[in-house]
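Overview (structure and organization)
Residues per chain are reported as follows:
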Amino acid sequence: MCPSAPAALPRPPRILHILHIQARAPSKCQVPVMRGLYAIIDTDALARRGIDPILFADAVLLARPAAIQLRDKHGSARRMLDLLRALVPRAAAANVPLFANDRPDLALLAGCEGIHVGQDDLPVTAVRALAERAGARVRIGLSTHDLTQLDPALAEPIDYVAIGPIFPTVNKEQADPAIGLPALTDLVARVAAVRPGLPIVAIGGITLETAPHLGALGVCAAVIGALLPPEGASSSDPNGPDALAAVTARALALHTALLQAKAPG
Ligand SMILES: Cc1ncc(COP(=O)(O)OP(=O)(O)O)c(N)n1
Ligand SMILES: Cc1ncsc1CCOP(=O)(O)O
Ligand SMILES: [Mg+2]
């Protein structure tokens, strides 16, 4: 069972508070700036390690990332709705936007701030139409892999564009080939030319070691694996205080590495 009341959030360290304000300050054109860590709560990767998704989210939220996403590829609609309903007040208490992956219907029912869709999911215009019918304002993110997908994506009513995989990943079935940092740099330049100020989220195989390169490009980094202990790592209790403190520490290290790298402009 998911606990539904959000845990009281301890005050973050002052440096993190300053970074958080900088990372979320509105830009000149009022598009919310997304910088730093975009943490994905991936129920499959968590289940393989015996980690509870809500306890994991609480631990990640202590790092005040730029965004979180619930990605539940194999659960029932009912389970995903329950999880989203438990996450919404927690994310709101931390002032962190919560995106639901793939499922605008569940996102709208639960009151999420955003929805992430990919090339095979509902089209962005359909998601916008659903949100309008529900009388909800939502932010929408769209996945792309290359210029062929990026150019049409930039004509869509989206709030951020995701690009990836940047590096090889084990957390997406049938992932496209990794594009690497040079190709990402070209695609970032394309976004800046066509839709200046549109937030960019890089995804795929991003680690603490590679995070500074992404921060230097001015992009946000979506992460699954680098927030988690290695699969099969021995831990007496994967939901115990030490294991959860290690999740917060990983999230904080990634978020800080991304924000502290010098972004262009
Ligand atoms: C932030 C972010 N970027 C990309 C994805 C991948 O979306 P998609 O291509 O639809 O693949 P699935 O995640 O649905 O398997 C994402 N979820 N989040
Ligand atoms: C969902 C998704 N889409 C492209 S790569 C990816 C998986 C990201 O997971 P990780 O950060 O562990 O590589
Ligand atoms: Mg999808």
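This is a predicted model, so every value here is computed, not measured. By convention here, each chain's residues receive numbers from 1 onward along its written sequence. Lettering for chains starts from A, numbering for ligands starts from 1, and both go in the order in which the items are written. Only residues with pLDDT of at least 70 get local features here, since the model is predicted, and only at 80 or more are side-chain atom pairs given and counted; chain-wide, interface and lining totals rely on the full set of residues. Note: side-chain values were computed over all heavy atoms of the structure, leaving out hydrogens and water.

The working definition used for a salt bridge is a side-chain nitrogen of Lys or Arg within 4 Å of a carboxyl oxygen of Asp or Glu. Under the counting rule described, the total for this entry stands at nine salt bridges. The closest approach of N and O atoms between Asp 42 and Arg 71, which form a salt bridge, is 2.5 Å. Residue Asp 42 is located in strand β1 (residues 37-42), and its partner Arg 71 is located in strand β2 (residues 67-71); the two are separated by 29 residues in the primary sequence. Working definition: helices are DSSP H or I runs of at least four residues, strands are E runs of at least two. Numbering for both runs from the N terminus.

A word on the confidence of the model for the chain. The predictor's confidence in any single residue is recorded as pLDDT, a number from 0 to 100. Scored by pLDDT, the chain has a mean of 91; 88% of the residues are at 70 or more. Pairs of residues are marked as contacts when any of their non-hydrogen atoms sit within 4.5 Å. Counted against residues more than four places away or in other chains, residues 25-30, with its pLDDT under 50, gives four contacts. Interface scoring of the predicted complex returns ipTM 0.99; its pTM is 0.91.

Attention shifts here to the nonpolar core. Nonpolar core, defined: a set of buried Ala, Val, Leu, Ile, Met, Phe, Trp, Tyr and Cys residues in which side-chain atoms within 4.5 Å join the residues together. When a residue's accessible area, from a 1.4 Å probe over protein chains only, is under 20% of the maximum for its type it is buried; when over 50% it is exposed; and in between it is partly exposed. Counting residues in each nonpolar core, the largest one holds 82 residues, and the members touching the most others are Tyr 38, Phe 56, Ile 68 and Leu 84. Element by element, the count of residues in this core is highest for helix α4 (residues 77-93), at eight residues. Not counting residues within four places of it along the chain, the set of residues in contact with Ile 68 comprises Tyr 38, Ala 39, Ile 41, Val 60, Leu 61, Ala 91, Val 96, Pro 97, Leu 98 and Phe 99.

Attention now moves to the site of ligand 1. In the vicinity of ligand 1 there are 17 residues, among which Gln 69, Arg 71, Lys 73, Ser 143 and Lys 172 approach most closely. N or O atoms within 3.5 Å of each other form a polar contact, as long as, within protein, one can give a hydrogen and the other can take it, and as long as residues adjacent in sequence are counted only when both atoms are side-chain atoms. A distance of 2.9 Å separates a nitrogen atom of ligand 1 from a polar side-chain atom of Gln 69. To measure how exposed things are, a 1.4 Å probe is used in the Shrake-Rupley method; for residues, cover is taken only from the protein chains shown. For ligand 1, whose free accessible area comes to 430 Å², the fraction covered by protein is 90%. Sorting the residues of the shell around ligand 1 by element identifies β1, β2, β6 (160-163) and β7 (200-203) as the ones contributing at least two each. Of the residues assigned to the shell around ligand 1, the class counts are seven nonpolar, five polar and five charged. For this purpose, a residue is taken to be near a molecule or strand whenever a single non-hydrogen atom of the residue falls within 4 Å of it. Under the scheme applied here, ten amino acids are nonpolar (Ala, Val, Leu, Ile, Met, Phe, Trp, Tyr, Cys and Pro), four are charged (Asp, Glu, Lys and Arg), and all others, including Gly, are polar.

With that settled, the discussion passes to the coordination of the magnesium ion (ligand 3). Of the protein atoms, only Asp 102 (OD) and Asp 121 (OD) coordinate the magnesium ion (ligand 3), at distances of 2.0 to 2.2 Å. Within this pair, whereas Asp 102 is found in the loop between β3 (98-101) and α5 (104-110), its partner Asp 121 is found in the loop between β4 (114-117) and α6 (124-133), the two being separated by 19 residues in sequence. Water is absent from the atoms considered, so a metal site may look incomplete; donors are defined as N, O and S atoms within 2.8 Å of the metal, or 3.2 Å for Na, K and Ca.

The next point concerns the pairing of β7. Bridge analysis of β6 against β7 gives three bridges, and the strand direction is parallel. Within β7, the position partnered with Ile 163 by the bridge is Ala 202. Crossover handedness is defined here as right-handed if the route from the first strand over the helix to the second strand goes clockwise, with the strands pointing away from the viewer. Between the parallel elements β6 and β7, the chain passes through helix α8 (residues 180-194) in a crossover that is right-handed. Two elements, β7 and strand β8 (residues 220-223), share three bridges in a ladder whose sense is parallel. Pairing between strands requires that DSSP locate at least two bridges from one strand to the other.

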